[in-house]
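A look at the structure
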Amino acid sequence: MAAGSDGATVRLAGDAREVYLDYAAATPMDPAVIDAMAPYLADCFYNPSAPYAPARRARAAVEDARATLARIIGARPDCVVLTAGATEANNLAFATLASPDAHVVTDAIEHDSVLACAQVHPCTVVGVAPDGRVDPDEIRRTLRPETELVSVELANGEIGTVQPIREIAAVVAAERARRLEAGERRPLYLHTDASQAAGALSVNVSSLGCDLMTLSAAKIYGPKQVGLLWASNDVRLRPLVLGGGQEAGVRSGTENVAGAVGFARALELADAHRAANARQLRTLRDDLARRLTRAFPRAVVSGPRNPKRRLPGLLHISFPGLDARRLVIALERRGVYVGTGSACAASRMTESHVLAAVGAPHEVAQGSLRLTLGTPTTSEDVAYAAEQIIDVVRGECARLCISLEGADSRAALDDVRRQSAQSTTEEAADE
């Protein structure tokens, strides 16, 4: 197995090939990112908090990286806290809650780290439309006098829904204005986890109108376990980790110099090539979708139909009545690596809370694949992956006596349920 010229596309010897379609779970580091990090993994290894000149060079590298990250998101460097990934940043955002009765509003398709943080507090989890979209009016209706934080992701990493953050920000701003006029002193902030969106959408904090934002290097061809939380000047952050007082006292621990430098370089590249990459990914994604839905008209594509409301490199497709885990294993044997949803849920073999929230029936949810493309993906990769997916799905349909082909109809899911139940009964009788 060898890296291609871009350091990411991988091929096997002979005629076999490997196609990676799980970029929402992890991206390979860009060679330019590796080059930027290399000096701080070897020669300039010093602790940035030490007082001598080589250590001051390491400190300067961290602050230069922070300044670059801040510039790209349209913020001040002293408002950027470097973290060990998006999960820590999300936890730090929720640590802003000061009152024991502080109420939180979030939505049903957030990342597990946001939902877990929200559920520690009194919280309202708003539902979403069938395409995964949050209704800003629903956010407005759930606000209480004791609400201190609203947390809605910029884009969902499972079905690709881009949320109306600017409209939600307007709702939060209106409630803040009401409180100010009424003499109420309780703060109210809007947090957005933009980890999955940074490679495809603008993450300028002024444009979004948020008060806190999470980013992850691991989703934009940077190093894993590196992230940031941006917080506006009005937000008072409370540390989760105590110790030496690094990161302005908010996050103690020796700084990850190489990680910060790599993150800054990765975000620079994402910002510079965002529009071109989005066009390329959308074209490839749509080609993959056409190939699969033509072969299986009864397959179910989740997420918004409007391309402006869906991440460009993500295709979430379900094959009702099939078991996605069997599909993943069969495709792996053919060199095609896909996901079934978020990597967190997949590792626990649990059914997706995102699909439950959008109302997907069990028969649809259990047969779902999340196919996410990246900048190394080629049209040849898409053609090969589609061919293998079609072959594997047809094999499983034949095994279960299920049909996903033929004319599309409203009765398709009922047919699958009937055929699946019949095949299960026959298998049980055979045993």
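Note that the structure is predicted; figures quoted are calculated from it, not measured.

About the criteria used
- Residues numbered from 1 in each chain as written.
- Predicted model: local features only at pLDDT ≥ 70, side-chain atom pairs only at ≥ 80, totals over all residues.
- Heavy atoms only, no water.
- Helix = DSSP H or I, 4+ residues; strand = E, 2+ residues; numbered from the N terminus.
- Contact = heavy atoms within 4.5 Å.
- Polar contact = N/O pair within 3.5 Å; in protein donor to acceptor, adjacent residues only side chain to side chain.
- Buried < 20%, exposed > 50% of the residue type's maximum accessible area, 1.4 Å probe, protein only.
- Expected span 1.5 Å × (residues − 1).
- Axes fitted to C-alpha atoms, helices over the stretch in contact; angles between N-to-C directions.
- Parallel < 35°, antiparallel > 145°, perpendicular 65-115°, else oblique.
- Left-handed = near helix turned anticlockwise from the far one by under 90°.
- Nonpolar A, V, L, I, M, F, W, Y, C, P; charged D, E, K, R; others polar.
- Lys, Arg positive; Asp, Glu negative; His and termini not counted.
- Salt bridge = Lys/Arg side-chain N within 4 Å of Asp/Glu carboxyl O.
- Pairing = 2+ DSSP bridges.

A word on the environment of Thr-161
With respect to the helices and strands, Thr-161 occurs in the loop between strand E7 (147-151) and helix H6 (165-182). Along the chain, Thr-161 and Pro-304 lie 143 residues apart, while their C-alpha atoms are 6.2 Å from each other. Filtering out sequence-adjacent residues up to four positions away, Thr-161 remains in contact with Asp-131, Gly-132, Arg-133, Leu-154, Ala-155, Asn-156, Gly-303, Pro-304 and Arg-309. Here Asp-131 takes part through its backbone oxygen, which lies 2.6 Å from a polar atom of the side chain of Thr-161.

Concerning the side chain of His-103
For His-103, the position within the fold is in strand E5 (residues 103-107). We classify His-103 as buried; its relative accessible area is 0%. A polar contact of 2.8 Å, which involves the side chain of His-103, links it to the side chain of Thr-124. Setting aside residues no more than four positions away along its own chain, His-103 makes contact with Pro-122, Cys-123, Thr-124, Thr-142, Arg-144, Glu-146, Thr-147, Glu-148 and Leu-149.

Some details on helix H2 (residues 53-73)
In an α-helix, one full turn covers 3.6 residues, which means residues spaced three or four apart are oriented alike. Along its 21 residues, H2 runs 30 Å from first to last C-alpha, staying within 8% of the 30 Å computed at 1.5 Å per residue. All of the buried residues in H2 are Ala-55, Ala-58, Ala-61, Val-62, Ala-65, Arg-66, Thr-68, Leu-69, Ala-70, Ile-72 and Ile-73. Buried-residue contacts for H2 involve helix H1 (31-41), strand E4 (80-83), helix H7 (205-208), strand E9 (212-216), strand E10 (227-231) and helix H8 (257-295).

A few points about the environment of Arg-176
Examined against the element boundaries, Arg-176 turns out to sit in helix H6. Overall, Arg-176 belongs to the partly exposed group, its relative accessible area being 30%. Not counting the four nearest positions on each side in its chain, Arg-176 is found in contact with Leu-188, Tyr-189 and Asp-211. Polar contacts involving the side chain of Arg-176 include one to the main-chain carbonyl oxygen of Leu-188, which spans 2.5 Å.

Notes on the packing of H1 against H8
Where H1 contacts H8, the axes come no closer than 8 Å and their chain directions differ by 160°. Accordingly, the angle class assigned to the pair H1 and H8 is roughly antiparallel. The two elements H1 and H8 meet at a crossing, and its hand is right-handed. Contact with H1, carried on its side by Ala-32, Val-33, Ala-36, Met-37, Tyr-40 and Leu-41, involves Val-257, Ala-258, Gly-259, Val-261, Gly-262, Arg-265, Ala-266 and Leu-269 of H8 and no other residues of that element. Considering only residue class, the contact of H1 with H8 consists of eleven nonpolar, two polar and one charged.

What to know about the side chain of Glu-158
Here Glu-158 lies in the loop between E7 and H6. Although Glu-158 is buried, it forms no salt bridge, and the closest oppositely charged side chain is Arg-370 at an N-O distance of 6.1 Å. A distance of 2.5 Å separates the side chain of Glu-158 from the side chain of Ser-352, its partner in a polar contact.

Here we look at the sheet that holds E9
Strand order in this open sheet of seven strands is E4-E10-E9-E8-E7-E5-E6, and the pairing throughout is mixed. A strand with exactly one partner marks an edge of an open sheet, and here the two such strands are E4 and strand E6 (123-126). Strand after strand, the sheet turns through a mean of 20° between neighbouring axes, direction not considered. In this sheet, strand E8 (residues 189-193) lies alongside E7 in parallel orientation, the contact comprising three bridges. Within E8, the residue paired with Val-150 across the bridge is Leu-190. Packed onto the sheet, H2 meets E4, E9 and E10 and runs at close to 120° relative to E4.

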